[in-house]
Amino acid sequence: CSEKTCVEQVKLKHVDIGTASVSNYGGFYKTFEVLTLPYIFSDDAAAQKVMEGFLYNELAKISVERDGMRVIAVVPFLGFRQLQTKTGPIKSPDDLRRIKIRVTESPLDGALMRAWGAVATPIEWAETYDALQQNVASGLYIQKGVHAMMKFFEVTPHVTLTGGAWTPMIVFMDQKRYEALPDWGKAALDKAAADLRAKVFEIDQKYAAKLESAGASKITYYTPNAAEMAKWRAAAARSWQVAKQLKLYDLGLARRILEAQADSKPLIAELEKQGSL
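Heads up: these notes are all about the structure in this document. (Residues numbered from 1 in each chain as written. Predicted model: local features only at pLDDT ≥ 70, side-chain atom pairs only at ≥ 80, totals over all residues. Heavy atoms only, no water.)

**Focus: the packing of helix α3 (residues 44-67) against helix α8 (residues 183-215)**
Going by this rule: Axes here mean lines fitted to C-alpha atoms, for a helix over just the part in contact, with angles spanning 0 to 180 degrees between N-to-C directions. A run of H or I in DSSP counts as a helix once it spans at least four residues, and a run of E counts as a strand once it spans at least two, with each numbered from the N terminus. An angle counts as roughly parallel when it lies under 35 degrees, as roughly antiparallel when it exceeds 145, as roughly perpendicular when it falls between 65 and 115, and as oblique in every other case. In this scheme, a crossing is called left-handed if the near helix is turned counterclockwise away from the far one by less than a right angle; it is called right-handed if the turn is clockwise. Working rule for contacts: check all heavy atoms of both residues, and any pair within 4.5 Å makes them a contact. Residues were grouped as follows: Ala, Val, Leu, Ile, Met, Phe, Trp, Tyr, Cys and Pro as nonpolar; Asp, Glu, Lys and Arg as charged; and all remaining residues, including Gly, as polar.
At a closest axis distance of 11 Å, the pairing of α3 and α8 adopts a crossing angle of 170 degrees. With respect to their mutual orientation, α3 and α8 come out roughly antiparallel. At the point where α3 passes α8, the crossing takes the right-handed sense. Contacts between α3 and α8 pair D44, A47, Q48, M51, E52 and Y56 from the former with R197, F201 and Q205 from the latter. A per-class count over the contact of α3 with α8 returns four nonpolar, two polar and three charged.

**Describing helix α4 (residues 107-115)**
Threshold: Exposed residues in this analysis have more than 50% of their type's maximum accessible area, buried residues have under 20%, and partly exposed residues fall in between, with area computed by a 1.4 Å probe over protein chains only.
Counting buried positions over the nine residues of α4 gives seven, a clear majority of the element. When α4 is considered as a whole, its buried residues turn out to be L108, D109, G110, A111, L112, M113 and A115. Buried residues along α4 sit in contact with β2 (69-85), β3 (100-103), β4 (119-122), β5 (139-143), α9 (226-236) and α10 (240-245). Immediately beyond the C-terminal end of α4, within one or two residues, lies G117, with a positive phi of roughly 95 degrees.

**Here's the deal with the nonpolar core**
Convention followed: Only buried residues count toward a nonpolar core. Its members are Ala, Val, Leu, Ile, Met, Phe, Trp, Tyr and Cys residues joined through side-chain atoms within 4.5 Å.
If you look at the biggest cluster of nonpolar residues, it comprises 68 residues, and the most contacted ones within it are L35, F41, W116 and F172. Among the elements that take part in this core, β2 stands out by supplying eight residues, more than any other. L78, I142, V146 and V155 belong to the second-largest nonpolar core, a separate cluster that totals 12 residues.

**Here we look at the state of the cysteines**
Chemically, a disulfide is nothing more than a covalent bond linking the sulfur atoms of two cysteines. Note the cut-off: Only a pair of cysteine sulfur atoms within 2.5 Å qualifies as a disulfide here.
All told, the structure shown has one disulfide when counted by the stated rule. One disulfide bridge connects C1 with C6, the sulfur atoms lying 2.1 Å from each other. Judged by the sign of its S-S torsion, about 85 degrees, the cystine formed by C1 and C6 is right-handed. Judged by relative accessible area, C6 falls into the buried class, the value being 4%.

Everything listed here is a matter of geometry and, on its own, says nothing about what the molecule does.
This is the structure we're talking about:
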């Protein structure tokens, strides 16, 4: 099944176990949308620490009780998105004003780019390379591994390491289907799921590094300094307003996620100031 139909197929019991990005899963259930908020995690290590600490278990419990879906694992997909542009370096949001950046149909995706000062330009994934080549857009916002794997460096060779949006996939099945399994089947599935969750961050990081190294010589990376990074984070906080209006996250849970990370105090203060937390 394609991502957009996998949830339906699982609910209809045509497929036992499905996988989809949180964005596509969010078309049916909003439980995991909190994971996509800009800078909800500061980096991969923070995401791993919080997910393994309390967050996976809590979200999985909510998913069973509210959605009737058993989420077997939350799988990182090549880390965080970064900003790729035709010209560079883009050091801070000040340099991004009026530049057209390709976005998905996600309202949060567009809100983030507008908060950074860019012109959010929705383009289907299959059309993205041609759109960049033909100057319909001047940049995009995807993971470094995807950027290298799909050879987007040929049209957007400059990458600013903004971070921001984590891009997990989820593996799921219908709770009633799980309950219908024999005890030995449940035990086997639970063991496989636990093994996957224990190894998935390590596997993903190794694969991401392998992909990124393949195109590294053709890409110019820019790492923002502390002052520039503060601008990226402060501007991104404004996009949380859209997520709040769409009821994509629970304020208390978002606060707990941020408070579990030592370096999140400035972002918490910014979100409190604008009423998003």
